[in-house]
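One-letter residues, chain by chain:
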Amino acid sequence: MKSIRLYLLLILVATLILVMFVSLLKGYQSSIETAQGLFDERLINTAELIASAHVDQTTSDSAQRPTSDYLFFQIWDANGQLLTRSDTAPHIALSRFEKGFYDVNFNGFRWHNYVYPDPQFQRWIVVGERSDVRSSMAEDIVLATIFPAFFGIVIAAILIWWLIGTGLKPLKNLSRQLASKQADDLRPIEMAPLPSEMSQLVKIINQLFWRLDQSFQREQRFAADAAHELRTPISALQIHLHNLRQTYGDNTEDWQLMQAAVDRMGHLVNQILMLYRTAPEQIAAKDESIDLYKLTSDVIARDYQQFDKRQQHIELIGDSVIIQGHMFALETLLQNLLNNASKYAPTNGHIVIHVHQTEKGVRLTVEDDGPGIPPDQYERIFDRFYRYQNENSDLQLPGCGLGLAIVRHIIDMHHADIKLTQSTFGSGLKVVIDFPVAFNT
Amino acid sequence: MMKYFFICMAIMLIPLNSYAAPPVFEILIKDHLFYPDELVIPANTKVKLLVKNQDATPEEFESYELNREKVIPGNTQAIIFVGPLPPGIYPFFGEFFPKTAQGKIIVKESGK
Amino acid sequence: MLLNSVILVLREVLEAAMVVSLFMAFTTVSQQSRYFLLKAILLGLVAGATYAYFLPEISNWLEGIGQEITNTIIHLGIYLFLTGFLWLISSNILLPNRLVKAVMMAAIILAISRESAEIMLYISGFRSDHFLMRSVLSGSLIGLAIGVSCGIFLYHLMIALKPAAATKFICVLVVIVGGSMMSQATQFLIQADWLPSTEPVWDSSHIISEHSLPGQLLYALMAYEATPTWSQIVVYLTSLALMILVIASARFLQDQSKYD
């Protein structure tokens, strides 16, 4: 079944048509019969009227008695001699002389005749009426009552269509609410006047949402708690490692590898915690006005050592622009983007950051001249723990694959838009972020 | 199974009583009227009705009592076999113009 | 004029609507696409227009009984396609199947061509008479609406059933329609004098007259005849029995192959 509305419309209109037209037809039939009965009675009356009005018993051949085209009369004597007739009447007898109604063909038409024996003068009076005129007269009367039914059906169909639509509104409302829900929005559905047929459905859906929400929260809390709990032993590990290196000297390669592994573990745990903290449901929408340009230059200044170490050229172009946002989150966003750029740009490479006002808001772009990412990977790299591995390079870079997942969280939180394209350097990645609203200083 | 059915059909299709040419009666359709509107045919005899439609419009010769229905396009003629029938009155009508195109076949014993 | 048009059109539409809604319900129950049915309806209308157009020539074939023979062939064709349909669906073949589709399409095209040709001829007869045309058109419209409504009801009645029951019900109705087709074919053969005309076996016109609305409905559904002849009764019963036999043997063969 494609649509409840269409089904109901079809079946209701079909019912209406069947019931209405069958009863109308029955009415039509009896109306026509009644009308025919009335016409017959009129014919009898006419015959009797002629009998009483015409008392001349001589034969008058020339018919100077005009009648309308669809009516005639003849008067015959008892011997079958035509006494007189109307000008439209034939000279011959059309039926036998016996009281009653007869249908005959004459003059290209079907006639309904009445033969009346006049007892006063022992003669026969024949009155005829054209059948087609009779029936069309009867039909005109009846059709006038049937035609409104046509419009009635059409109006009823439109009304039914509209009423079903109104009746199904709560259902439509529900499906619209469900459709417009964000994937991570697990709040219960609220519908004010809930029809009794749907209350059970909505109740079950809301219970389902609640359970799903609970399990999501448990999962996230578990990851965050685990990461948090791991921080302390990792810090202890780092301290003990440091002490051991002090004690035994750090000239062996094993010490360095171990140090790198422990550092990486610490970074991973930190990133997991960050991912959790930047999740939209964790950060309350605490908007403040932030100068994105200034914030960017602060982040660059703080991490300058990192770029300097690899002699990378970093350039910030733009003006001071104000956006509404979350300070800590935006800081994390910039840190992650710059880290990535620095990581993938070669030694002596270039990183260019643009911050400027656009028609729709504020645009931030970060470009590097590293190897870049093929376009088919653009969507995947936002996945948690996904890291793009370039097959052609044996470059093994540190990282846990959570950076861009965190970026995505922060972008969503600010209702911003992120796009990845080719960098203008020829190779390398260009990250374009559009923040929707901005206030010019 | 199907083959058997076809054989049965073929046997049934063979005309069983094609011994003598049946008498022909003519009926005219003009101005949506049948002429004659009363046709007398002999009882217990198969007759061939030759219905000539002289109107420009099609007409359907129909009779529930005779179990006959045949569309006769404008300005053409059609053959309808009727009978053998027991004596009686068998009304027929033109289904397209039933208000005027009416008639009856009167079947009479040929002796009378 | 109006009532006439209603009865005439309804009688023709009802028969075609029955075949179409049967197949429509079958495609719905067996979850096939229904687009091809629409194509068959349109093709049927084209075929009907062609038949109506060439009717004067067709009538002259075979010394004036071309019309009867053509109608017989159409009815016989519908019967054979319906029988084929029963055979196919009773032998449990995998649906959708192109042969089943073709059989359904052929039956619909034939049914609609026969029924629509008469309606088209009828309405075309009033081209020059604008006064009557109004009655005829509104009557035809009412007849069409009632016929289509009956079809819609039949369709929804069938798809409301459980699939297995619906298929059984469809089979029963197909058998009834098939019998009606063969009865009408016999009628035309008698009219053409290819089958002997015998005296009617009974006369039930005083119970249900063929002139009445119930009589007309019964005629459309199962070719009700108040005064049937022996040949009609024999052919009617034989064709019903044959269809039932086809269903039974298809099922039997199916069961056999299952156990082999």
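Residues numbered from 1 in each chain as written. Chains lettered and ligands numbered in written order. Predicted model: local features only at pLDDT ≥ 70, side-chain atom pairs only at ≥ 80, totals over all residues. Heavy atoms only, no water.

Visitor: Can you explain the overall build of chain B? Please cite residues and give values.
Guide: Across its full length, chain B carries one helix and nine strands. In chain B, the succession of helices and strands from N to C terminus is α-β-β-β-β-β-β-β-β-β. Intrachain contacts of chain B at a sequence separation of at least 6 include 59% that bridge at least 24 residues. Surface exposure of chain B reaches about 5100 Å², of which carbon and sulfur atoms provide 62%. (Helix = DSSP H or I, 4+ residues; strand = E, 2+ residues; numbered from the N terminus. Contact = heavy atoms within 4.5 Å. Areas by Shrake-Rupley, 256 points an atom, 1.4 Å probe, with all protein chains shown as cover.)

Visitor: Tell me about the interface of chain C and chain B, and please be specific about residues and values.
Guide: Many authors give the size of an interface as the accessible area that is lost as the parts come together. Each side of the interface is counted separately: chain C has 48 residues, and chain B has 39 residues. A buried area of about 3700 Å², summed over both sides, lies between chain C and chain B, and 60% of it is on carbon and sulfur atoms. Between Glu68(C) and Lys70(B) there is a salt bridge, with its nearest N and O atoms 2.9 Å apart. For the pair chain C and chain B, the interface holds ten residue pairs in polar contact (both at pLDDT 80 or more). Secondary-structure elements contributing two or more residues to the side of chain C that touches chain B are helix H1 (2-29), helix H3 (55-64), helix H4 (66-90), helix H5 (98-124), helix H7 (163-191), helix H8 (213-222) and helix H9 (230-259) of chain C. (Buried area = accessible area lost by both parts, 1.4 Å probe. Salt bridge = Lys/Arg side-chain N within 4 Å of Asp/Glu carboxyl O. Polar contact = N/O pair within 3.5 Å; in protein donor to acceptor, adjacent residues only side chain to side chain.)

Visitor: Let's hear about the sheet that holds strand S7 (residues 313-318) of chain A: which residues, and what values?
Guide: Residue and element names in this part refer to chain A. Read across the sheet, five strands follow the order S7-S9-S10-S12-S11 without closing on themselves; strand pairing throughout is mixed. Lying at the two open borders of the sheet, with one neighbouring strand each, are S7 and strand S11 (417-422). Across the sheet, the axes of successive neighbouring strands diverge by a mean angle of 15 degrees, strand direction being ignored. Bridge analysis of S11 against strand S12 (residues 429-435) gives six bridges, and the strand direction is antiparallel. Opposite Thr421, over in S12, you have Lys430 as the bridge partner. Helix H8 (residues 327-344) contacts S7, strand S9 (350-357), strand S10 (362-368) and S12 of the sheet and is inclined by roughly 25 degrees relative to S10. (Pairing = 2+ DSSP bridges. Axes fitted to C-alpha atoms, helices over the stretch in contact; angles between N-to-C directions.)

Visitor: Could you give an account of the pattern of salt bridges, naming the residues involved and the relevant values?
Guide: Where charged atoms from two side chains of opposite charge approach closely, those side chains can pair. All names here are of chain A. Across all of its chains, the model carries 17 salt bridges over all chains by this definition. The shortest N-O distance in the salt bridge between Glu129 and Arg42 comes to 2.2 Å. With Glu129 in strand S5 (residues 123-130) and Arg42 in helix H1 (residues 4-53), the pair connects residues that are 87 residues apart, well separated along the chain. A relative accessible area of 38% places Arg42 in the partly exposed class. Here the residues in one salt-bridge network are Asp40, Arg42, Glu129 and Arg134, joined through shared partners. (Buried < 20%, exposed > 50% of the residue type's maximum accessible area, 1.4 Å probe, protein only.)

Visitor: Run through unusual backbone geometry, naming residues and quoting values.
Guide: Here the residue pair Tyr35(B) and Pro36(B) is connected by a cis peptide bond, since its omega of -5 degrees sits within 30 degrees of zero. Mapped onto the elements of the fold, Pro36(B) is located in the loop between strand S2 (33-35) and strand S3 (38-42). The backbone of Gln311(A) sits at a positive phi, close to 50 degrees, despite the residue not being glycine. Locating Gln311(A) in the fold gives a position in the loop between helix H7 (304-309) and S7.

Visitor: Before we move on, can you summarise the side chain of Asn113(A) with the specific residues and values?
Guide: Of note, Asn113(A) is situated in strand S4 (residues 109-118). If we ignore the near neighbours within four places in the chain, the residues touching Asn113(A) are Leu43(A), Phe72(A), Leu94(A), Gly100(A), Phe101(A), Tyr102(A), Val104(A), Val126(A), Val127(A), Gly128(A) and Glu129(A).

Visitor: An account of the interface of chain A and chain C is needed here, citing residue identities and associated values.
Guide: Facing the 19 residues of chain A at the interface are 18 residues of chain C. In total, about 1800 Å² of surface goes out of reach between chain A and chain C, with carbon and sulfur atoms giving 81% of it. Taken together, chain A and chain C are joined by zero salt bridges. When grouped by side-chain class, the residues that make up the side of chain A that touches chain C number 13 nonpolar, three polar and three charged. (Nonpolar A, V, L, I, M, F, W, Y, C, P; charged D, E, K, R; others polar.)

Visitor: Could you give me a rundown of the nonpolar core, with the residues and numbers involved?
Guide: Nonpolar side chains in soluble globular proteins tend to be buried together. Core analysis: the largest hydrophobic core is formed by 87 residues, its most contacted members being Ile41(B), Leu49(B), Phe61(B), Ile105(B), Phe23(C) and Phe85(C). Core analysis: the second largest hydrophobic core is formed by 47 residues, Ile300(A), Phe307(A), Val366(A) and Phe435(A) among them. (Core = buried A, V, L, I, M, F, W, Y, C linked by side-chain atoms within 4.5 Å.)

Visitor: Can you break down the sheet that holds S5(A) residue by residue, with the values?
Guide: Residues and elements named next belong to chain A. Overall, antiparallel pairing links the five strands, which are arranged S2-S1-S5-S4-S3 in an open sheet. Sheet topology places strand S2 (82-85) and strand S3 (100-106) at the edges, where each strand pairs with a single neighbour. Within the sheet, the average angular offset between the axes of one strand and its neighbour, ignoring direction, is 25 degrees. Note: strand S1 (residues 71-77) against S2, three bridges, orientation antiparallel. Along S2, the bridge assignment pairs Ile75 with Thr84. Where H1 meets the sheet, its contacts fall on S1, S3, S4 and S5, and the angle it forms with S5 comes to roughly 140 degrees. Each of S3, S4 and S5 touches helix H2 (residues 131-167); the most contacted strand, S5, lies at about 55 degrees to it.

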